[in-house]
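Below are the chains, spelled out letter by letter.
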Amino acid sequence: QVQLVESGGGLVQAGGSLRLSCVASGRTFRSYAMGWFRQAPGKEREFVTAIEWSGGATYYADSVKGRFTISRDNAKNTVYLQMNSLKPEDTAVYYCAAPVSYINHYRDPGKYDFWGQGTQVTVSS
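This one's a predicted model, so the numbers in the text were calculated from it and none came from an experiment. Think of each chain on its own: its residues are numbered from 1, step by step along the sequence as written. Local features in this predicted model are restricted to residues of pLDDT 70 or higher, and side-chain atom pairs are both shown and tallied only at a pLDDT of 80 or more, whereas totals for entire chains, interfaces and linings draw on every residue. Processing note: side-chain calculations cover all non-hydrogen atoms of the structure and skip hydrogens and water entirely.

Asker: Where do I start with the side chain of Arg67 in this structure?
Answerer: Its location among the elements puts Arg67 in the loop between β6 (58–60) and β7 (68–73). Side-chain polar atoms of Arg67 contact the backbone oxygen of Ser63, separated by 2.9 Å. Secondary structure elements follow DSSP: runs of H or I of four or more residues count as helices, runs of E of two or more count as strands, with numbering from the N terminus. Pairs of N or O atoms within 3.5 Å make up the polar contacts considered here, provided that, within protein, one atom can donate a hydrogen while the other can accept it, and that residues adjacent in sequence are counted only when both atoms are side-chain atoms.

So this is what it looks like as structure tokens:
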């Protein structure tokens, strides 16, 4: 099975920065891409960003464009989420997720097969 482990969450003041990491492992790990989602209490899980392992194409939610950057290190099976200019509304549990094959709709959490346990990001005002 595939295991995804997020790290790097914490408490930061508005305007600050934080970098999240997601390490993917597994006996036969393979995925077409990796995505980041977030979920605040009482809200639906929300797409944040995604990246393709091979070509590195990236996709972002409008709410984070210009502030967040996704990147990957193929050799380490690790995906990063650099978050700058953080806002209180960014407060949520952040999850990384992986689909096992090509997907057209990166924003749909139902298209992803494996999920990490999440890491809490809290942005204070």
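Asker: Before we go on, may I ask you to explain the pattern of salt bridges in this structure?
Answerer: Think of it this way: side chains of opposite charge can pair up when their charged atoms draw near. Within this document, salt bridges are pairs made up of a side-chain nitrogen of Lys or Arg and a carboxyl oxygen of Asp or Glu, the two lying within 4 Å of each other. Summed over all chains, the structure comprises four salt bridges. In this structure, the salt-bridge partner of Glu46 is Arg38, at a minimum N-O distance of 2.9 Å. Only protein chains enter the calculation, and the probe is 1.4 Å; a residue is then buried if its accessible area is under 20% of its type maximum, exposed if over 50%, and partly exposed in between. Overall, Arg38 belongs to the buried group, its relative accessible area being 6%. Asp62 is the salt-bridge partner of Lys65, the closest N and O atoms lying 3.1 Å from each other. A single burial state applies to Lys65 and to Asp62, both of which are exposed.

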